[in-house]
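Summary of the model geometry
One letter stands for each residue in the lines below.
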Amino acid sequence: MFAPLKDLNYFKTVKLNAEWGTINWDNGADLDPDVLYSVVTNQSIPTYRNLEEYEKSWS
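The rules behind each value
Residues numbered from 1 in each chain as written. Predicted model: local features only at pLDDT ≥ 70, side-chain atom pairs only at ≥ 80, totals over all residues. Heavy atoms only, no water. Helix = DSSP H or I, 4+ residues; strand = E, 2+ residues; numbered from the N terminus. Buried < 20%, exposed > 50% of the residue type's maximum accessible area, 1.4 Å probe, protein only. Contact = heavy atoms within 4.5 Å. Salt bridge = Lys/Arg side-chain N within 4 Å of Asp/Glu carboxyl O. Polar contact = N/O pair within 3.5 Å; in protein donor to acceptor, adjacent residues only side chain to side chain. pLDDT = per-residue confidence, 0-100.

So, about the overall build of the chain. What the chain contains, in helices and strands, is 3 helices and 2 strands. When its C-alpha atoms are laid out on the principal axes, the chain stretches across 40 × 20 × 15 Å. The 59 residues of the chain split such that 12% are buried. Pairs at least 24 residues apart make up 14% of the contacts formed inside the chain by residues separated by at least 6 positions.

Bringing the side chain of asparagine 24 into the picture now. Residue position: asparagine 24 is located in strand S2 (residues 22-24). Among all residues touching asparagine 24, those that are not within four sequence positions of it are Val14, Lys15, Leu16, Asn17, Ala29 and Asp30.

The subject of this paragraph is the pattern of salt bridges. Taken as a whole and judged by the stated rule, the model has 1 salt bridge. Lysine 15 serves as the salt-bridge partner of aspartate 26, at 3.1 Å between the closest nitrogen and oxygen. Of this pair, aspartate 26 sits in the loop between S2 and helix H2 (33-41) while lysine 15 is found in strand S1 (residues 15-17), placing the two residues 11 residues apart along the sequence.

Further remarks concern unusual backbone geometry. Even without being glycine, asparagine 42 reaches a positive phi, approximately 60 degrees. Relative to the elements of secondary structure, asparagine 42 occurs in the loop between H2 and helix H3 (51-57). Using a relative accessible area of 71% as the deciding quantity, one classes asparagine 42 as exposed.

Within the secondary structure layout, asparagine 17 lies in strand S1. At 3.1 Å, the side chain of asparagine 17 and the backbone nitrogen of glutamate 19 are in polar contact. Ignoring anything within four residues of it in the chain, the contact list for asparagine 17 reads Thr22 and Asn24.

The subject of this paragraph is the confidence of the model for the chain. Of all residues in the chain, 92% have pLDDT values of 70 or greater, and the mean over the chain is 88. Put simply, H3 is where the chain has its lowest mean pLDDT, 74, and helix H1 (residues 8-11) is where it has its highest, 97.

Here's what the structure looks like:
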């Protein structure tokens, strides 16, 4: 599924899916929005252990 993304021309066909809150390609490949957020903000993805603490930081 992700092998076609190695082709730069195909990779450039990426689309934003606002309903899913992420990016995707016509072949069904998509990236987890939490992972994208983590990469862009350089913040770790919260685990269930620290989810309550993470949510408090947004209050």
